[in-house]
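# Summary of the model geometry
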Amino acid sequence: MAKPAQGESVLSRVVRIFETFGPDTPALRVTDIARRADLHVATASRLVDELVSHGWLRRDPDRRIRVGVRLWELASRASPTLSLRDAAMPFMEDLHAVVGHHTQLAVLEDREVLFVERLSAPGAVVNVTRVAGRLPLHASSSGLVLLAHAPAELQEQVLAGPLEPFRRTTLTEPARLRRFLADVRRDGYAFCAGFIDEETAGIAVPLRGRSGDVVAALSVIVPNDRNARMQIPALRAAARGISRAMGYSSR
């Protein structure tokens, strides 16, 4: 194990500890945290104990560590997406009732799409996304909507690659991706049939803030069949409602 950089702050070490947790690793032993955070076990143990005492981390009966409720509470209270979720939720609930499958809300975060809310139902189609989960921008309908309306500099960075495939239908050729993004801007939605799972279709539309800039994407994940495109009008209507609730006027 490498030694931490000389002069590294305690805060930097704490950040690395929190970054060891993920969707597939919600609970870890201290030795795993130390290894993932590149810290000595004694250092990791001391910091974990202190974070547990403040409620930022939690220790299970089996001694595994997971993120504490206190951290979730503070993050939820101060989340920059709180007003977005408040505006979107009534419309998402109505859309979900119509679609009957997954309805999602996502924002751009660095070069990825971050999902901040999701409504689902028993028997809904396969969906790899989850709340607080991320995907590459080129791989999903939400990501492609956000990328299509992102600054030109970010678009060029993504187009320069690498563009990793999820399936054979994933857009991994820069020229084809560039054309797809132009279509999204022209049509007002991204329709991605089988991009992540061959049995599902992702459909996403942009959400606009008060200034008219695209601030988020609203999407549904539905069966990849002849009826998939029939969900587009309801999706666009919900997006108009959310955008109006956030202060956007098309006039």
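Residues numbered from 1 in each chain as written. Predicted model: local features only at pLDDT ≥ 70, side-chain atom pairs only at ≥ 80, totals over all residues. Heavy atoms only, no water.

For the protein chain, the name recorded in an unreviewed UniProt entry is DNA-binding transcriptional regulator, IclR family, with Amycolatopsis australiensis as its organism.

### A look at the sheet that holds strand β2 (residues 57-59)
For clarity, the cut-off: One requirement defines pairing of two strands: DSSP has to find at least two bridges between them. Secondary structure follows DSSP: runs of H or I at least 4 residues long count as helices, runs of E at least 2 residues long count as strands, and numbering of each begins at the N terminus. Only heavy atoms enter the contact rule, under which two residues are in contact if any of them lie within 4.5 Å. For helices, the axis comes from a line fit to the C-alpha atoms of the stretch in contact; other axes are also lines fit to C-alpha atoms, and the angle between any two N-to-C directions lies between 0 and 180 degrees.
Judged by pairing direction, the sheet is antiparallel, and its three strands sit side by side in the order β1-β3-β2 without closing on themselves. Sheet topology places β1 (27-28) and β2 at the edges, where each strand pairs with a single neighbour. The pairing of β2 with strand β3 (residues 65-67) spans three bridges and is antiparallel. Looking across to β3, one finds that Leu57 is bridged to Val67. In this fold helix α3 (residues 41-53) packs onto β2 and β3, with an angle of close to 100° to the strand it touches most, β2.

### Quick look at the side chain of Asp60
So the rule is basically this: The buried label goes to any residue with under 20% of its type's maximum accessible area, the exposed label to any with over 50%, and the partly exposed label to all in between, with areas taken from a 1.4 Å probe on protein chains only.
Its place among the elements puts Asp60 in the loop between β2 and β3. Accessibility expressed as a relative area gives 11% for Asp60, which makes it buried. Those residues in contact with Asp60 that lie beyond four places of it in its chain are Ala27 and Arg66.

### Observations regarding the sheet that holds strand β7 (residues 190-193)
With antiparallel pairing, the six strands of this open sheet are ordered in space as β6-β5-β4-β9-β8-β7. Of all strands in the sheet, those bounded by a partner on one side alone are β6 (134-136) and β7. Mean inter-strand twist for the sheet, computed between neighbouring axes without regard to direction, equals 30°.

### Things to note about the UniProt feature "domain: HTH iclR-type" (unreviewed entry) in the protein chain
How we decide: UniProt positions are given in the numbering used here, feature names are shortened, and annotations may be inferred rather than shown by experiment.
The sites that UniProt annotates as "domain: HTH iclR-type" (unreviewed entry) are residues 8-69. Summarising residues 8-69: 52% helix, 13% strand, and an end-to-end C-alpha distance of 27 Å.

### Observations regarding the packing of helix α6 (residues 141-148) against helix α8 (residues 174-187)
Heads up, the rule is: Oblique is the label for every angle not falling under 35 degrees (roughly parallel), over 145 degrees (roughly antiparallel), or within 65 to 115 degrees (roughly perpendicular). Classification convention: Asp, Glu, Lys, Arg as charged; Ala, Val, Leu, Ile, Met, Phe, Trp, Tyr, Cys, Pro as nonpolar; all other residues, Gly among them, as polar.
Running from N to C, α6 and α8 cross one another at 80°; their axes reach a closest spacing of 9 Å. Overall, the two elements α6 and α8 adopt an arrangement that is roughly perpendicular. Contacts from Leu144, Val145, Leu147 and Ala148 of α6 reach α8 at Leu177, Phe180, Leu181, Val184 and Arg185. Looking at the contact of α6 with α8, its residues break down into eight nonpolar, no polar and one charged.

### With respect to the nonpolar core
Our working rule: By nonpolar core is meant a set of buried Ala, Val, Leu, Ile, Met, Phe, Trp, Tyr and Cys residues that side-chain atoms within 4.5 Å join together.
Of all hydrophobic cores here, the largest spans 29 residues; its most connected members are Leu105, Leu207 and Leu218. Considering each element in turn, this core owes the most residues, seven residues, to helix α5 (residues 82-99). Setting aside residues up to four positions removed in sequence, Leu105 forms contacts with Leu84, Arg85, Ala88, Met92, Leu114, Phe115, Val116, Glu117, Leu207, Ala216 and Ala217. Formed by 25 residues, the second largest nonpolar core is a distinct cluster that contains Leu135, Leu137, Leu147 and Val184.

### Considering the layout of surface pockets
What counts is decided by this rule: Buriedness for pockets is judged along seven lines, at least five of which must meet protein on both sides within 12 Å for an open set on the 1 Å grid over protein atoms alone, while cavities are sets there where a 1.4 Å probe fits but cannot get out, and lining residues have an atom within 4 Å of a point. Grid points are joined across faces, edges and corners, and a volume is the space filled by probe spheres set on the points.
Put simply, the second largest pocket is a space of about 350 Å³. Contributing to the lining of the second largest pocket are 15 residues, with Pro206, Arg208, Arg240, Ser243 and Tyr248 lying nearest its centre. Broken down by class, the residue content of the lining of the second largest pocket amounts to five nonpolar, five polar and five charged.

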